[in-house]
Amino acid sequence: QVQLVESGGGLVQPGGSLRLSCVVSESLFNIERMGWYRQAPGKERELVAEIDIAGVTDYLNSVKGRFTISKDNAKNTVYLQMNNLKPADSAVYYCKADHIRPISETDYEIDDYWGQGTQVTVSS
């Protein structure tokens with residue numbers, strides 16, 4: 001199984017910054033896509049940012065220009081840099097890996113793996 005470990009959450013004031021990290025237990029070359037999700041109490045879990053194996057990124061509209069997703073293949077780590085944080089950003093943040101699992105010489109399947117989450121609280 002693929003193991004994901006998130007870190008970097010904490011309590012910050014509005015306008016502050018945090019960098020979240022997600023360490024993956026195997027090479028990112030076997031990961032088709034990594035995503036950062038968040039879930040606030042009473043709210044649906046939502047996709048915040050994602051990056052695919054080619055490095056193409058996408059973002060939730062409300063975080064565009066403030067958040068940046070990146071990865072370091074040598075460290076098997078994906079990051080989420082969060083700037084100008086707002087109270088509405090408060091949530092548990094989860095990383096998710098779409099893992100490539102070969103099943104034959106020509107076929108493969110994609111398995112989803114989730115981290116345990118890290119709490120981000122933006123408050124005065």
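Details of the structure are given in the entry above.
Below, the structure is looked at part by part. All values derive from a computational prediction rather than experimental measurement.

Bringing the state of the cysteines into the picture now. For the structure on display, the rule yields 1 disulfide. A disulfide bridge connects cysteine 22 with cysteine 95, and the sulfur atoms are separated by 2.1 Å. Residues cysteine 22 and cysteine 95 are joined by a disulfide whose S-S torsion is about 60 degrees; by sign, that bridge is right-handed. With cysteine 22 in strand E3 (residues 18-24) and cysteine 95 in strand E9 (residues 91-102), this residue pair connects regions lying 73 residues apart in the sequence. Summarising the burial analysis for this pair, cysteine 22 and cysteine 95 share the class buried.

Our next topic: the pattern of salt bridges. Overall, the coordinates contain 9 salt bridges when judged by the stated rule. Among the ionic pairs, glutamate 46 bridges to arginine 38, the shortest N-O distance being 2.8 Å. On the accessibility criterion, glutamate 46 (29% relative accessible area) is partly exposed. Overall, the relative accessible area of 5% leaves arginine 38 in the buried class. A salt bridge links aspartate 89 to arginine 66; the nearest nitrogen and oxygen atoms lie 2.8 Å apart. You can see aspartate 89 sitting in the loop between strand E8 (77-82) and E9 and its partner arginine 66 sitting in the loop between strand E6 (57-59) and strand E7 (67-72), a full 23 residues away along the chain. The exposure class assigned to aspartate 89 is buried, which follows from its relative accessible area of 1%. Owing to a relative accessible area of 10%, arginine 66 belongs among the buried residues under this scheme. If you follow the salt bridges from partner to partner, you end up with Arg33, Glu50, Lys96, Asp98 and Asp112 in one network.

The rules behind each value
Residues numbered from 1 in each chain as written. Predicted model: local features only at pLDDT ≥ 70, side-chain atom pairs only at ≥ 80, totals over all residues. Heavy atoms only, no water. Disulfide = S-S within 2.5 Å. Helix = DSSP H or I, 4+ residues; strand = E, 2+ residues; numbered from the N terminus. Buried < 20%, exposed > 50% of the residue type's maximum accessible area, 1.4 Å probe, protein only. Salt bridge = Lys/Arg side-chain N within 4 Å of Asp/Glu carboxyl O.

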